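Chain and residue survey
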Amino acid sequence: MTIENLTVNKSFGGWHKQYSHHSKTLNCDMRFAIYLPPQASNEQKVPVLYWLSGLTCTDENFMQKAGAQRIAAELGIAIVAPDTSPRGDDVADDPSYDLGQGAGFYVNATQPPWNRHYQMYDYVVNELPQLVEAIFPVSNKRAISGHSMGGHGALTIAMRNPELYCSMSAFSPISNPMNCAWGKKAFTTYLGQNTAAWRNHDASELMRTATQFVPAKVDQGEADDFLSEQLKPETLEHAAKASGYPLTLALHQGYDHSYYFIASFIEEHLRFHASHLK
């Protein structure tokens, strides 16, 4: 497992580091960032929160804008932020912002040419954690969170792998991608016309039929421009009621889709995860 250190910055007594490595799962070079709190050492392995970002983002957005390091340092939690898709000159792409590079949707593509590289589900669930746990002073205790497209990814990945995650959370997730424009476009392109396969990547569908539960926290801004057409938090809330899922969903007046919203409530999310990781 060869990785290359790209940047190093000390932050709140810990270290923010950025790495690149060749991914066998994605068949390309990938980049990820990790924040190691001051508690992380050879003598003490710390739990990990995996953060999945949204459309057009990279590993840098959350680490630079969310202001999460101060609380992560206090709580002794590492944060790992992968890129949002495979990238490279030979990686399939699309000129629109909501498909292709920067818009991997955290699924395993089955349709050509996307299936050659776009295996983000397997990368997040298997390859990246195995790499992180082998190299860094972290334990196998995992939580997962994300924003928008990444919120969709965090919820669906945790619900499909309840044995791997102690908790899950999301900011402004795409809660019902089968029934919104972003999701329909991505799922048709990456997964084809078989809507049965789509259900495996729809948080509302998974939550409605769940029998194993991962504690869940979701926050949504009421001034979000994408609220009614793309995000549909009410479908997630109805699904949780149907299955008795332990979901806490909060709506916040005046907040939009931006990192101003995430930075305002990231401390609550980190403390939520810490209560389950420890």
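Definitions and limits used
- Residues numbered from 1 in each chain as written.
- Predicted model: local features only at pLDDT ≥ 70, side-chain atom pairs only at ≥ 80, totals over all residues.
- Heavy atoms only, no water.
- Pairing = 2+ DSSP bridges.
- Helix = DSSP H or I, 4+ residues; strand = E, 2+ residues; numbered from the N terminus.
- Axes fitted to C-alpha atoms, helices over the stretch in contact; angles between N-to-C directions.
- Salt bridge = Lys/Arg side-chain N within 4 Å of Asp/Glu carboxyl O.
- Buried < 20%, exposed > 50% of the residue type's maximum accessible area, 1.4 Å probe, protein only.
- Phe/Tyr/Trp six-rings, centres within 6.5 Å; stacked < 30°, edge-to-face > 60°.
- Lys NZ or Arg CZ within 6 Å of the ring centre and 35° of its normal.

**A word on the sheet that holds strand β6 (residues 138-147)**
Hydrogen bonding along the main chain pairs the strands of a sheet, whether they run parallel or antiparallel. In spatial order, the strands read β1-β2-β3-β5-β4-β6-β7-β8-β9; together these nine strands make up an open sheet with mixed pairing. For this open sheet the edge positions go to β1 (3-11) and β9 (247-252), each flanked by a neighbour on one side alone. Strand-to-strand twist of the sheet, defined as the mean angle between neighbouring strand axes without regard to direction, takes the value 20 degrees. Across six bridges, strand β4 (residues 46-52) lies against β6 in parallel orientation.

**So, the pattern of salt bridges**
By the definition in use, this model includes 12 salt bridges. Linking arginine 271 and glutamate 74 is a salt bridge whose minimum nitrogen-to-oxygen distance equals 3.1 Å. Residue arginine 271 is found in helix α10 (residues 259-277), and its partner glutamate 74 is found in helix α2 (residues 69-75); the two are separated by 197 residues along the sequence. Exposure remark for arginine 271: the relative accessible area of 33% places this residue in the partly exposed category. Two residues, aspartate 219 and lysine 217, come together in a salt bridge whose shortest N-O distance is 3.6 Å.

**A few points about the packing of aromatic side chains**
Applying the stated criterion to the full structure yields 16 aromatic pairs. When the centroid spacing of 5.7 Å and the interplanar angle of 20 degrees are considered together, the rings of tyrosine 19 and phenylalanine 32 count as stacked. Residue tyrosine 19 is found in strand β2 (residues 14-23), and its partner phenylalanine 32 is found in strand β3 (residues 28-36); the two are separated by 13 residues along the sequence. Seen from their ring centres, tyrosine 19 and phenylalanine 136 are 5.3 Å apart, and the 65 degrees between their planes marks the pair as edge-to-face. Separated by 117 residues along the polypeptide, tyrosine 19 in strand β2 and phenylalanine 136 in the loop between α3 (120-135) and β6 bring together distant segments of the chain. One aromatic cluster is present, built from ring pairs that chain together Trp51, Phe62, Phe171, Tyr255, Phe261 and Phe265. Above the face of the tyrosine 121 ring, arginine 160 is positioned so that its terminal group lies 4.5 Å from the ring centre.

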